[in-house]
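A closer look at the structure
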Amino acid sequence: MSNPVQGVTSNIRVVLVNTSHPGNIGGAARAIKNMGLDRLYLVAPKEFPTPRALWRAAGAADVLERAIVVPTLDEAIAGCGLIVGTSARERSIPWPMLNPRECGERIWQESADHDVALVFGREDRGLTNSELQKCTYHVHIPSNPDYSSLNLAAAVQVLTYEVRMASLSEVPSAVLEDKWDVPPARAEDLELYFEHLEQTLVDIGFHKRDNPRQTMTRLRRLLSRIRPDTVELSILRGVLTGVQNVVWRLQRVQGSGDPSRPAQEPVEAAVKEKTEGKTSA
Ligand code: SAH
């Protein structure tokens, strides 16, 4: 049996963030290998390498030996065009969601074309909101609502099993979409875009950092829904640069000095006038 989509297992990363218990790292390695995957990324694990992880990994010691340890999630997902974050519970800001089956199908499908990451959180408190906001989609295993949190390695097992099932299926995937001509923007390029976007919104007086209306969170979610490709993202960056140039030119005309603190008038007033009451953030 083989799936009409030829996924590439070596393009699929399982990422564990800040894992406390080495046994869970070993258990996850075993789960991954059982399901035919082998790339494990560990973001700042509390204790690794350690014999306790090796013991739980059993015959999957090779996956542990090749595990890549990095200090931040950004480094673990660098180069990925699809990032799926796992969550044991509902979050305050809804995000584009996949169920575990769709997650397996999408990961398998997209691994044919680019690197993908499946990201798991800490045993005690999962992924932070800011980590979840770096993800294209979220996936929740529909467990007992009164006791929804699976053991970390068990959650890895369930979701990698779905990738396995997608790889074995002979039925074309329901989530299969027409191939796009340009690859999706990579995680690191999206991060640069969001930094640039936030700075520009501050420059034009539209947004203040730490604003309670969660403007940046909502803009991140908007981009997650759209999934811009690499060309679209570079056009968006070009627009930001153009806007900043106008702001800085105005500032020079007004003689208001420091180019990193652009003019507040008339750009701020004009933008405010156009957008007053129109933001949903
Ligand atoms: N108390 C934490 C639970 C973390 S469980 C919380 O409320 O978020 C550790 C990790 O296992 C989670 O971060 C997630 O990666 C995974 N996990 C556990 N249960 C899950 C579920 N029902 N659906 C998806 N992932 C789950």
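Just above sits the structure.
**With respect to the overall build of the protein chain**
- A tally of regular secondary structure across the protein chain gives 11 helices and 7 strands.
- Burial statistics for the protein chain: of 281 residues in total, 35% are counted as buried.
- Counting contacts in the protein chain only where the partners sit at least 6 residues apart, residues at least 24 apart contribute 83% of the total.

**Points about the pairing of strand E2 (residues 39-43)**
- Burial within E2 is extensive, with 4 of its 5 residues counted as buried.
- Of the strand pairs in this sheet, strand E1 (residues 12-17) and E2 are connected by 5 bridges, and their pairing is parallel. From the neighbouring strand, Val-17 faces E2, where its bridge partner is Val-43.
- Taken together, E1, helix H1 (residues 22-34) and E2 constitute a β-α-β crossover, and its handedness is right-handed.
- In terms of strand pairing, E2 meets strand E3 (residues 68-70) through 3 bridges, oriented parallel. Counted as the bridge partner of Leu-42 is Val-69 from E3.

**Some words on the site of the ligand**
- Ala-88, Phe-120, Gly-121, Gly-126 and Ile-141 are the nearest of the 19 residues found near the ligand.
- Looking at side-chain class alone, the shell around the ligand contains 7 nonpolar, 8 polar and 4 charged residues.

**A short note on the packing of helix H8 (residues 187-203) against helix H10 (residues 230-254)**
- Direction vectors running N to C along H8 and H10 enclose 25°, while the axes themselves pass 10 Å from each other. It follows that H8 is roughly parallel to H10 by the angle criterion. With respect to the hand of their crossing, H8 and H10 are arranged in left-handed fashion. On H10, the residues touching Asp-189, Tyr-193, His-196, Leu-197, Thr-200 and Asp-203 of H8 are Thr-230, Leu-233, Leu-236, Arg-237, Leu-240, Val-243, Gln-244 and Val-247.

**Brief notes about the nonpolar core**
- One finds Val-15, Ala-28, Ile-32, Val-119 and Val-156 to be the most contacted residues of the largest nonpolar core, which totals 56 residues.
- Among the elements that take part in this core, helix H7 (residues 152-168) stands out by supplying 7 residues, more than any other.
- Setting aside residues no more than four positions away along its own chain, Ile-32 makes contact with Val-14, Leu-37, Asp-38, Leu-40, Val-63, Val-156 and Thr-160.

**Quick notes on H10**
- Helix length check: H10, at 25 residues, gives a terminal C-alpha distance of 36 Å against a target of 36 Å (1.5 Å per residue), a fit within 8%.
- A positive backbone phi angle near 65° is found at Gly-255, which sits one or two residues after H10.

**A closer look at unusual backbone geometry**
- Pro-49 follows Phe-48 through a cis peptide bond whose omega is -5°.
- Looking at the secondary structure, you find Pro-49 in the loop between E2 and helix H2 (51-57).
- Located in the positive-phi region is Asn-18, a residue other than glycine, with phi close to 50°.
- Mapping Asn-18 onto the fold places it in the loop between E1 and H1.

**A word on the sheet that holds strand E6 (residues 115-120)**
- In spatial order, the strands read E3-E2-E1-E6-E4-E7-E5; together these 7 strands make up an open sheet with parallel pairing. Across the chains shown, the open sheet's two edge strands, defined by having one partner strand only, are E3 and strand E5 (97-98).
- Across 5 bridges, strand E4 (residues 80-86) lies against E6 in parallel orientation. What sits directly across from Cys-80, in E6, is Asp-115.

What counts and what doesn't
- Residues numbered from 1 in each chain as written.
- Predicted model: local features only at pLDDT ≥ 70, side-chain atom pairs only at ≥ 80, totals over all residues.
- Helix = DSSP H or I, 4+ residues; strand = E, 2+ residues; numbered from the N terminus.
- Buried ≥ 20, exposed ≤ 12 C-beta atoms within 10 Å, placed from the backbone.
- Contact = placed C-beta atoms within 7 Å.
- Pairing = 2+ DSSP bridges.
- Right-handed = clockwise from strand over helix to strand, strands pointing away.
- Near = placed C-beta within 6 Å.
- Nonpolar A, V, L, I, M, F, W, Y, C, P; charged D, E, K, R; others polar.
- Axes fitted to C-alpha atoms, helices over the stretch in contact; angles between N-to-C directions.
- Parallel < 35°, antiparallel > 145°, perpendicular 65-115°, else oblique.
- Left-handed = near helix turned anticlockwise from the far one by under 90°.
- Core = buried A, V, L, I, M, F, W, Y, C linked by C-beta atoms within 7 Å.
- Expected span 1.5 Å × (residues − 1).

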